[in-house]
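For reference, the chains in residue letters:
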Amino acid sequence: MAFGKKPESIEHLLKNFLKKIPQKTELRRGMVLHFWPEVVGENISSVTKNLRFEGDKLFVNVESEVWRHEIHANRYSIVKRLNDKVGSKVVKEIVVRA
């Protein structure tokens, strides 16, 4: 350790970096799209396509009405997990279309 200081974690450094860049919202939206498969799981991820943002709404297309209902029923939980994953409330609502 240089000069007796404890090194900062990468997570802490990245959070500080994200606070300072002007495109932080766009970056976090990209992170949401990246983390979608991890957050929703393999089954849901495999039937979703064309994820896109319009403002703070995340639009998702699915293959069938059954999957649309499943995601719609769990949308609040998914929004919370996505926002927690990226450390910001970039997703306010999920709109699911079959």
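Residues numbered from 1 in each chain as written. Predicted model: local features only at pLDDT ≥ 70, side-chain atom pairs only at ≥ 80, totals over all residues. Heavy atoms only, no water.

(A) Focus on the packing of helix 2 (residues 24-40) against helix 5 (residues 75-86). Between helix 2 and helix 5, whose axes approach to 9 Å, the crossing angle comes to 120°. Judged by the inter-axis angle, helix 2 sits oblique to helix 5. The handedness of the crossing between helix 2 and helix 5 comes out as right-handed. Every residue of helix 5 that contacts helix 2 at Arg 28, Met 31, Val 32, Phe 35, Trp 36, Glu 38, Val 39 and Val 40 is listed here: Ile 78, Arg 81, Leu 82, Lys 85 and Val 86. Looking at the contact of helix 2 with helix 5, its residues break down into 9 nonpolar, no polar and 4 charged. (Axes fitted to C-alpha atoms, helices over the stretch in contact; angles between N-to-C directions. Helix = DSSP H or I, 4+ residues; strand = E, 2+ residues; numbered from the N terminus. Parallel < 35°, antiparallel > 145°, perpendicular 65-115°, else oblique. Left-handed = near helix turned anticlockwise from the far one by under 90°. Contact = heavy atoms within 4.5 Å. Nonpolar A, V, L, I, M, F, W, Y, C, P; charged D, E, K, R; others polar.)

(B) Fine view of the sheet that holds strand 1 (residues 48-54). In spatial order, the strands read 1-2-3; together these 3 strands make up an open sheet with mixed pairing. A strand with exactly one partner marks an edge of an open sheet, and here the two such strands are strand 1 and strand 3 (93-97). Looking at each pair of strands side by side, their axes are set apart by 20° on average, direction ignored. Sheet analysis places strand 2 (residues 57-62) next to strand 3, joined by 5 bridges and oriented parallel. The residue bridging Asn 61 from the neighbouring strand is Arg 97, located in strand 3. Sheet strands in contact with helix 2 are strand 1, strand 2 and strand 3, and its direction is about 165° off that of strand 1. The strands touched by helix 4 (residues 65-73) are strand 1, strand 2 and strand 3; relative to strand 3, the strand with the most contacts, the crossing angle is about 170°. (Pairing = 2+ DSSP bridges.)

(C) Expanded view of the environment of Glu 70. Secondary-structure assignment places Glu 70 in helix 4. Along the primary structure Glu 70 and Ile 44 are separated by 26 residues, whereas in three dimensions their C-alpha atoms are 8.9 Å apart.

(D) How the structure looks around unusual backbone geometry. Unlike most non-glycine residues, Asn 50 shows phi in positive territory, near 55°. Counting through the fold element by element, Asn 50 comes out in strand 1.

(E) Inspection of the side chain of Asn 83 at higher detail. With respect to the element layout, Asn 83 can be found in helix 5. Judged by relative accessible area, which is 8%, Asn 83 ranks as buried. One polar contact links the side chain of Asn 83 to the main-chain carbonyl oxygen of Val 91, over a distance of 2.8 Å. With residues near it in sequence (within four places) discarded, Asn 83 still touches Ser 88, Lys 89, Val 90 and Val 91. (Buried < 20%, exposed > 50% of the residue type's maximum accessible area, 1.4 Å probe, protein only. Polar contact = N/O pair within 3.5 Å; in protein donor to acceptor, adjacent residues only side chain to side chain.)

(F) Quick peek at the packing of aromatic side chains. Here the structure, examined in full by the defined rule, presents 0 aromatic pairs. In this structure, Lys 85 packs its charged tip against the face of Phe 35, placed 5.0 Å from the ring centre. (Phe/Tyr/Trp six-rings, centres within 6.5 Å; stacked < 30°, edge-to-face > 60°. Lys NZ or Arg CZ within 6 Å of the ring centre and 35° of its normal.)

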